[in-house]
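# Breakdown of the fold
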Amino acid sequence: MLAKRIIPCLDVRDGKVVKGVNFKGIKEVGDPVECACEYNAQGADEIVFYDITASHEGRGVILDVVRETAKKVFVPLTVGGGIKTVDDMRNALRAGADKISVNSQAVQNPQLIKDGADIFGSQCICVGIDTKKAPDGSWTVFINGGRIDMHLDLIEWVKTVERLGAGEICLNSMDTDGVRGGFDIPMLKAVVQAVNIPVIASGGAGQLGDFADAFIKTDCSAALAASLFHFKELTVKQVKDDCRSKGIPVR
Amino acid sequence: MTVIIDYGAGNLFSVKNALEHIGVQNEISSDPERIKAADRLILPGVGAFPDAMRMLDKANLTSVIKEQAGKKPLMGICLGMQMLFDKSSEFGLTDGLGLIPGSVELMKPKGLPIPHIGWNELEKNGSCPLLTEDKGEYVYFVHSFAAVTDSRYVAAYCDYGMKVPALVQNGLVFGCQFHPEKSGEIGLDILRRFNSL
């Protein structure tokens, strides 16, 4: 039976993990390769590097991070942030990434999803979506790190990305992100029902039980968290033990 | 020496990284002479079946792989595994290498998403030198097509709304539908066992 995946995400700027990670023996400013190794040892099913490097010149550094990690960590690696072209995708894949995550760029240029899927295969293309509830009860899609409301209907958008060949959707609820009250169950349910590709829950995990809760209440395939694991409040292993004890298949 | 066959497709470096990590002498090559000289062969692959077979033909590697297949251990990974079969229906019917009887068809798991992405448990089906008797071994899959073949060629299945051939074997020809190079310690162990054949 397919296991539910637990995915830690590392926010990386100029080759360093941004959030004040303090793993044993690791400096305040985290080394992403060491963090990835630590998550791997905890049983992470995949590792996501999200590049938030602002400058164009700094962009190449994330590729070095991936290259080094791929020599030590033998689980799937995803790179996201700043992927604008098929060449960006190719460079990340060549560096050792297994999947590419596109977000704002896909909204502005949906053809990027199709081009990426045609060339590298659907399994390579994960579409990240930042979304929030609108006053009328629907959800709309935001870009640029949640700063710009595109007034694009979420359900319409997820169906479009599936049609364009995306292999997976990473759904980040801006309503629950940072609140730490659990994943956005109604939103997840609506998206899982609308598409037939795997959906990753993101945004809102604050406690141990939140992960199992998402898997019990929705058919999402995976759950992603960043700060919870960064700050060592929980380990991937604790989350998996909790899921296992509730009858959820995990690796 | 294990040769990772380079025909212009696939995740060669992930496989190479994994072999380096477990200390297996290896090289990436598209040279038929190196393939003939190798102790073992690995055929990787990511992408679409017809393109991959065309690239293999274009690199003049189809016949040398067929000829070497019975003589030394060969492992196909993911699309490389699918290419070991007689034919595939991905984007029209295309001939494969014909090293394991069977075909490759689009998966139709009831009510489950496609592609089949993630960690799934191996359900062993007879003995295979690449596997232990252990239960609860999860490996990483990413695919939409799957082999349709006789149970005697299947060393392990996984359950994804249907029985999916996960590890296949015909003599010295092995095929992993999953990615051993991305399957953590279990995957590395499978590569270790293959490389000690």
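Refer to the structure printed above.
Residues numbered from 1 in each chain as written. Chains lettered and ligands numbered in written order. Predicted model: local features only at pLDDT ≥ 70, side-chain atom pairs only at ≥ 80, totals over all residues. Heavy atoms only, no water.

## Overview of the pattern of salt bridges
Residue and element names in this part refer to chain B.
- Following the criterion strictly, the structure yields 24 salt bridges over all chains and no others.
- Close ionic contact of Glu137 with Lys124 constitutes a salt bridge, the shortest N to O distance being 2.8 Å. Linking Glu137 in the loop between strand E9 (123-124) and strand E10 (138-143) with Lys124 in strand E9, this pair joins segments that are 13 residues apart in sequence.
- The class for Glu137 is buried, based on a relative accessible area of 8%. (Salt bridge = Lys/Arg side-chain N within 4 Å of Asp/Glu carboxyl O. Helix = DSSP H or I, 4+ residues; strand = E, 2+ residues; numbered from the N terminus. Buried < 20%, exposed > 50% of the residue type's maximum accessible area, 1.4 Å probe, protein only.)

## Examining the nonpolar core
- Of all hydrophobic cores here, the largest spans 84 residues; its most connected members are Ile47(A), Phe49(A) and Phe211(A).
- Considering each element in turn, this core owes the most residues, seven residues, to helix H7 (residues 185-194) of chain A.
- Formed by 35 residues, the second largest nonpolar core is a distinct cluster that contains Met75(B), Ile77(B), Cys128(B) and Phe141(B). (Core = buried A, V, L, I, M, F, W, Y, C linked by side-chain atoms within 4.5 Å.)

## A look at the environment of Cys37(A)
All names here are of chain A.
- Mapped onto the elements, Cys37 comes out in helix H1 (residues 32-42).
- Judged by relative accessible area, Cys37 falls into the partly exposed class, the value being 26%.
- Once the C-alpha coordinates of Cys37 and Asp98 are considered, the two residues, 61 residues apart in sequence, prove to be 17 Å apart.
- For Cys37, the contacting residues outside a window of four places in its chain are Lys72 and Val73. (Contact = heavy atoms within 4.5 Å.)

## Regarding the sheet that holds strand E7 (residues 100-106) of chain B
Residue and element names in this part refer to chain B.
- Taken in spatial order, the four strands line up as E6-E5-E7-E11 in an open sheet, and their pairing is mixed. Edge positions in the open sheet fall to strand E6 (94-95) and strand E11 (145-148), since each of these has one partner strand only.
- Summarising the sheet, strand E5 (residues 85-88) and E7 pair through three bridges and their orientation is parallel. Bridge pairing links Lys87 to Ser103 in E7. (Pairing = 2+ DSSP bridges.)

## Brief notes about the side chain of His179(B)
Residues and elements named next belong to chain B.
- Looking at the secondary structure, you find His179 in the loop between strand E14 (173-176) and helix H6 (184-194).
- With a relative accessible area of 7%, His179 lands in the buried category.
- Polar contacts involving the side chain of His179 include one to the side chain of Glu181, which spans 2.8 Å.
- Every residue in contact with His179, bar those within four places of it in the chain, is listed here: Asn11, Val46, Ile77, Cys78 and Tyr140. (Polar contact = N/O pair within 3.5 Å; in protein donor to acceptor, adjacent residues only side chain to side chain.)

## Let's talk about the layout of surface pockets
Residue and element names in this part refer to chain A.
- Of the voids in this model, the second largest pocket is the one considered here, and its volume is about 1100 Å³.
- Lining of the second largest pocket is provided by 47 residues; of these, Asp11, Tyr50, Asn103, Asp130 and Asn172 occupy positions nearest its centre.
- Considering every element that reaches the lining of the second largest pocket, the biggest residue donor is strand E6 (residues 125-133), with four residues.
- Counted by class, the lining of the second largest pocket contains 19 nonpolar, 17 polar and eleven charged residues. (1 Å grid on protein atoms, 1.4 Å probe; cavity = no way out; pocket = protein on both sides within 12 Å on 5 of 7 lines; lining within 4 Å. Points joined across faces, edges and corners; volume = space filled by probe spheres on them. Nonpolar A, V, L, I, M, F, W, Y, C, P; charged D, E, K, R; others polar.)

## Points about the sheet that holds E14(B)
Residue and element names in this part refer to chain B.
- Taken in spatial order, the eight strands make up an open sheet running E2-E1-E3-E4-E14-E13-E12-E9, and their pairing is mixed. At either end of the open sheet lies a strand with only one pairing partner, and these are strand E2 (26-29) and E9.
- As paired strands, strand E1 (residues 2-5) and E2 are joined by four bridges and run parallel to one another. Paired with Thr2 across the strands is Asn26, a residue of E2.
- With respect to the sheet, H6 is in contact with strand E3 (40-43), strand E4 (74-77) and E14, its orientation differing from that of E4 by roughly 155 degrees. (Axes fitted to C-alpha atoms, helices over the stretch in contact; angles between N-to-C directions.)

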